[in-house]
Amino acid sequence: MRRSVGFAFVLFCLLSSCTWLLAPVPELVRIVLYAVVGLSALFTSAGQPRNTLRSNLRLAFASMLLVGLPSLIGEWVGGHISKVSSTVVFAFVPLLTMLVVAYCSESGDQARRLFLPVLLALGGLLLLAPFDVPSSMIGRISLGALIATAALVSISGVWIHQVMRERKLPEAMAVVCLSNAALLFCGNLFNEKLRLSWDAFYSVAAVAAEGLSLVQFLLFIWLLREMPPERFAGRFLLIPLLTISEGYILLWPELTVRMGAGLLALAIGAVWIPFSSRAEDAPSLSLR
């Protein structure tokens, strides 16, 4: 992995892990940020050769499966599934992604080499955050929807990497941002969270959260293109590791043997996935 990509990945995960320390970014603000970035990228790409409408629709659909849909589903299941359980469900995305890569690759050796660290990290996370199956019917339906969303994220993460590698970054960024802004706006059209005062844009806490959210999203789009999907999927394990570590540093809870073992296993697996050595002659991926 190039140093610039590794640095960007670490920065992205750090910013993502710090969101619990900041004021949440209102949904309308996030939609506006996506739209502004998308329009700016569209203006920047003016004059460059355009991809076909079919190619742009493929990218838009893949990006909505990866970004917009999980956000809408997460909002819907939020009252029935805890954030800890949601984190555990999406921690299986790296494993599912590696299965997709192994299936779609001419040789899945690169992905198969990462099965052990993924399983190690998953075991560590389950020691730190035990998963509870909801007892209510609506809770189980929500859990099923969350599992299906995690599977779609795994597939679309592999697909979008291939599609984005075929085009210039500004045009890809425009398609991703504008399509997700439209999806989130339509999905939240009757949501009271879209009705907020302009103070939400201008307070000091809001400006800081919005700035970090913008940097985080720009890094996310760039890493989708530059980082192999099986490596980038490791964010679903590294971000919980950093969040848990921040909690221990700031709150100083009692550390048990079980928690220590879980933290160690999660740390080894989460770092191994993106940063272990990779053969240069890795086969290309294709979902066709």
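Residues numbered from 1 in each chain as written. Predicted model: local features only at pLDDT ≥ 70, side-chain atom pairs only at ≥ 80, totals over all residues. Heavy atoms only, no water.

**Q** How should the overall build of the chain be read in this particular structure?
**A** A tally of regular secondary structure across the chain gives 14 helices and 0 strands. Mapped in sequence order, the helices and strands of the chain form the string α-α-α-α-α-α-α-α-α-α-α-α-α-α. Counting over 288 residues, the chain shows a buried share of 47%. Taking as baseline every contact in the chain between residues at least 6 positions apart, the subset at least 24 positions apart corresponds to 91%. (Helix = DSSP H or I, 4+ residues; strand = E, 2+ residues; numbered from the N terminus. Buried < 20%, exposed > 50% of the residue type's maximum accessible area, 1.4 Å probe, protein only. Contact = heavy atoms within 4.5 Å.)

**Q** Which parts of the structure should I look at to understand helix H14 (residues 257-275)?
**A** Because each turn of an α-helix spans 3.6 residues, side chains separated by three or four positions end up pointing in the same direction. Between its first and last C-alpha, H14 extends 27 Å over 19 residues, near the 27 Å set by a 1.5 Å rise per residue. Tucked inside the fold, the buried residues of H14 contact helix H1 (3-17), helix H5 (93-104), helix H7 (115-128), helix H12 (229-232) and helix H13 (235-251). (Expected span 1.5 Å × (residues − 1).)

**Q** Would you take a moment to explain empty space enclosed by the protein for this structure?
**A** Empty space left among the atoms is revealed by rolling a probe the size of a water molecule over them. Taken as a whole and judged by the stated rule, the model has 2 cavities of 30 Å³ or more. The space that makes up the largest cavity amounts to roughly 70 Å³. Around the largest cavity, the lining residues are Leu66, Val93, Thr97, Val153, Ser154, Gly157, Leu224, Pro229, Phe232, Ala233, Arg235 and Phe236. For the lining of the largest cavity, the elements supplying multiple residues, two or more each, are H5, helix H8 (137-164), H12 and H13. It is H8 that provides the largest number of residues to the lining of the largest cavity, a total of 3 residues. Per-class residue counts for the lining of the largest cavity are 8 nonpolar, 3 polar and 1 charged. When its volume is computed, the second largest cavity comes out at roughly 30 Å³. Leu33, Tyr34, Val37, Ser213, Leu214 and Phe217 together form the lining of the second largest cavity. Those elements that provide at least two residues to the lining of the second largest cavity are helix H2 (27-44) and helix H11 (204-226). Across the lining of the second largest cavity, the residue classes break down as 5 nonpolar, 1 polar and no charged. (1 Å grid on protein atoms, 1.4 Å probe; cavity = no way out; pocket = protein on both sides within 12 Å on 5 of 7 lines; lining within 4 Å. Points joined across faces, edges and corners; volume = space filled by probe spheres on them. Nonpolar A, V, L, I, M, F, W, Y, C, P; charged D, E, K, R; others polar.)

**Q** What am I meant to see in the packing of H7 against H13 here?
**A** Packed helix pairs are specified by the crossing angle of their axes together with the interaxial distance, meaning the distance between the axes. Relative orientation of the contacting elements H7 and H13 amounts to 35°, with a least axis distance of 11 Å. Helix-helix and strand crossings are classified by hand; for H7 and H13 the assignment is left-handed. On H13, the residues that touch Ala121, Leu122, Leu125 and Leu128 of H7 are Leu237, Pro240, Ile244 and Tyr248. Residue composition of the contact of H7 with H13, grouped by class: 8 nonpolar, no polar and no charged. (Axes fitted to C-alpha atoms, helices over the stretch in contact; angles between N-to-C directions. Left-handed = near helix turned anticlockwise from the far one by under 90°.)

**Q** Help me understand the environment of leucine 21 in this model?
**A** Position of leucine 21 relative to the elements: it lies in the loop between H1 and H2. By relative accessible area, leucine 21 is classed as partly exposed at 46%. Put simply, leucine 21 and threonine 243 are 222 residues apart on the chain and 9.8 Å apart in space, counted from C-alpha to C-alpha.

**Q** Looking at this structure, I do not really get the packing of H7 against H14. What am I missing?
**A** Contact pair H7 / H14: the axes reach a minimum separation of 7 Å and the direction vectors enclose 150°. Classed by the angle they form, the pair H7 and H14 counts as roughly antiparallel. Seen along the crossing, H7 lies across H14 with a hand that is left-handed. Along the contact surface, H7 presents Leu116, Pro117, Val118, Leu120, Ala121, Gly124, Leu125, Leu126, Leu127 and Leu128, while H14 presents Arg258, Met259, Ala261, Gly262, Leu263, Ala265, Leu266, Ile268, Gly269, Ala270, Trp272 and Ile273. Looking at the contact of H7 with H14 residue by residue, the class counts come to 18 nonpolar, 3 polar and 1 charged. (Parallel < 35°, antiparallel > 145°, perpendicular 65-115°, else oblique.)

**Q** What exactly am I supposed to notice about the environment of leucine 237 here?
**A** Along the chain, leucine 237 falls in helix H13. C-alpha of leucine 237 to C-alpha of alanine 270: the two residues are 33 residues apart in sequence and 5.4 Å apart in space. Setting aside anything within four residues of it in sequence, one finds leucine 237 in contact with Ala91, Pro94, Ala121, Leu122, Leu266, Ala270 and Ile273.

**Q** I'm lost on the packing of aromatic side chains in this one. Help?
**A** Each aromatic ring pair is described using two quantities: the centre-to-centre distance and the angle formed by the ring planes. In this structure the tally under the stated criterion is 9 aromatic pairs. Aromatic pair phenylalanine 9 and phenylalanine 232: ring centres 6.1 Å apart, planes at 70°, arrangement edge-to-face. Note that phenylalanine 9 is positioned in helix H1 and phenylalanine 232 in helix H12, a separation of 223 residues in sequence. Looking at phenylalanine 9, the relative accessible area reads 0%, which means it is buried. Counting every residue linked through ring pairs, the aromatic cluster contains Phe9, Phe12, Tyr34, Phe217, Phe220, Phe232 and Phe275. Here the basic side chain of arginine 235 rests over the ring of phenylalanine 232, its NZ or CZ set 4.2 Å away from the ring centre. (Phe/Tyr/Trp six-rings, centres within 6.5 Å; stacked < 30°, edge-to-face > 60°. Lys NZ or Arg CZ within 6 Å of the ring centre and 35° of its normal.)

The values are spatial; any link to function lies outside them.
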